[in-house]
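Breakdown of the fold
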Amino acid sequence: MSEFLNKTSVETKCVQAGYTPQNGEPRELPIYQSTTFKYDSSDDMGALFDLEAEGYFYTRLQNPTNDAVASKICALEGGVAAMLTSSGQAANFYAVFNICEAGDHFIASSSIYGGTYNLFGVTMKKMGIECTFVDQTLPAEELEKYFKPNTKAVFGETITNPTVTVFDFEKFAGLAHAHGVPLIVDNTFATPVNCRPFEWGADIVTHSTTKYMDGHAVGVGGAIVDSGNFDWDAYGEKFHGLTTPDESYHGLTYTKKFGKGAYITKANVQLMRDFGAIQSPQNAFYLNVGLESLAVRMRQHCENAQKVAEYLSQHEKVAWVHYCGLEQDPYHELAKKYLPKGSCGVLSFGVKGGRDSAIRFMDHLKLAAIVTHVADAKTCLLHPASHTHRQLTDEQLMEAGVSPDLIRFSVGLEAAEDIIEDLRQALEQI
Ligand SMILES: *Cc1c(COP(=O)(O)O)cnc(C)c1O
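For the structure given in this document, a descriptive report is provided here. This is a predicted model, so every value here is computed, not measured.

What counts and how
Residues numbered from 1 in each chain as written. Predicted model: local features only at pLDDT ≥ 70, side-chain atom pairs only at ≥ 80, totals over all residues. Heavy atoms only, no water. Near = heavy atom within 4 Å. Polar contact = N/O pair within 3.5 Å; in protein donor to acceptor, adjacent residues only side chain to side chain. 1 Å grid on protein atoms, 1.4 Å probe; cavity = no way out; pocket = protein on both sides within 12 Å on 5 of 7 lines; lining within 4 Å. Sits in = over half its atoms within 2 Å of the grid points. Pairing = 2+ DSSP bridges. Helix = DSSP H or I, 4+ residues; strand = E, 2+ residues; numbered from the N terminus. Axes fitted to C-alpha atoms, helices over the stretch in contact; angles between N-to-C directions. Contact = heavy atoms within 4.5 Å. Points joined across faces, edges and corners; volume = space filled by probe spheres on them. Disulfide = S-S within 2.5 Å. Buried < 20%, exposed > 50% of the residue type's maximum accessible area, 1.4 Å probe, protein only. Salt bridge = Lys/Arg side-chain N within 4 Å of Asp/Glu carboxyl O.

Notes on the site of the ligand
Lining the immediate surroundings of the ligand are 16 residues, of which N161, D186, S208, T210 and K211 lie closest. Within the contact set of the ligand, an oxygen atom lies 2.6 Å away from a side-chain nitrogen or oxygen of K211. A molecule is said to occupy a pocket when more than half its atoms come within 2 Å of that pocket's grid points, and by this definition the ligand occupies the second largest pocket.

Encoded structure:
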């Protein structure tokens, strides 16, 4: 990226970072629809496999379209290296598994996306990695007690899907660093337009690009960005996967060979090589189109959501509303600190009369659609207890902060007045 572009605002980077055509090259990012890349000699190819030379050889490991989009996201977050994955799930899995192995432990806020909760609590447990879920509102002295000698990371979400709580970065970064482990933050809902976790002490950022980054519900994808700030060598024993020789690359040591690029390089050449959750270049192209308008869209999502939240909070049939933009919201203070430009377009609320009223209300909406999605241009909603979180017990639901009447409402880019009119007529039916 040119020095000029490097210093520009997030709005400009959304449009221009990642791909800079040279004289006579295509203005738009080309889709390198090729699984493989040609070399003139056997030695040229060999050097790539030894990680001695940089270049493309197989799209499972790297592709120029994907790299351009990853470097745009890297620039937006202010990181040193980034990679795309096939989904947000793959991003969160790689982000943790890159530094944890059987016998290790990590800590995650219990207020996280249901899919991540399952991944950490059930699937990774089968791999011998233990996750302790913690109540993120506990004071640091209480949270301290969950760290163990084999703890390797702390994980949280900037704004939780679906409970829309706000993560206290400074509290968790302080704790993680005091224990010599990195803080990994899923920044999906805020996007780097509204929050850059690295500025608050996070070390690794993940994204489900499926949401606002794509913005139009066209492609599932994920991303991982490294701040380059965590000193793996300072805790070399703990992070031996990065700081000692990798047998699968003839004894190469990532931190020695790649410096600040060690974490992403390992995730790419080892985890991506072995698990293969790559994003297709075609989807990366769509993602790039979405990113170009991200800053403009986030502004509008937030403005609309604020109006909708205010409307709902004054409605007699609405039991409660969670939106950190509301002054009375318990997370308003944290939002003012960490999300001064706005949070996101997602809010949650409950209607009076519980589960039955919620279903009746949802079935009468005309503009807002019931879909298993969130954070795109079209207003949509979901009832986690009967949809995304249905595999969780009531106890687990409450632990994840999801009450049975909770409706997750994703405010789109339609006119706020029309969204509110839709809500008004559907609420009349209960
Ligand atoms: C959707 C989501 C995920 C999972 O991402 P996919 O792209 O659906 O795999 C992870 N974290 C958050 C916060 C999400 O909203």
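A word on the sheet that holds strand 4 (residues 151-157)
Read across the open sheet, the seven strands follow the order 1-7-6-5-4-2-3; overall the sheet is mixed. With partners counted over all chains shown, the strands left at the sheet margins are strand 1 (81-85) and strand 3 (130-134), one partner each. Sheet twist, expressed as the mean angle between neighbouring strand axes with direction ignored, is 20 degrees. Judged from the three bridges that link them, strand 2 (residues 105-109) and strand 4 form a sheet pairing that is parallel. Bridge pairing links A108 to F155 in strand 4. Packing of helix 4 (residues 64-77) onto the sheet brings it into contact with strand 1, strand 6 (204-208) and strand 7 (222-226), and relative to strand 1 it is tilted by some 125 degrees.

Details of empty space enclosed by the protein
Counted according to the given criterion, the structure contains one cavity of 30 Å³ or more. In this structure, the largest cavity encloses a volume near 30 Å³. Forming the boundary of the largest cavity are I107, L143, F147, V154, F172, L175 and A176. Take the lining of the largest cavity: its biggest share by element is three residues, from helix 8 (residues 169-178).

Remarks on the state of the cysteines
Tallied over the full model, the rule gives zero disulfides. Distance from the sulfur of C74, which forms no disulfide, to the nearest cysteine sulfur (C14) is 14 Å. The class for C74 is buried, based on a relative accessible area of 9%. C324 takes part in no disulfide bond, and the closest cysteine sulfur, belonging to C344, lies 6.4 Å away.

Quick word on the pattern of salt bridges
As enumerated under the stated definition, the model contains twelve salt bridges in all. The salt bridge involving R273 is made with D274; its shortest N-O contact spans 2.7 Å. You can call R273 partly exposed: its relative accessible area is 22%. In this structure, the salt-bridge partner of E428 is R424, at a minimum N-O distance of 2.8 Å.

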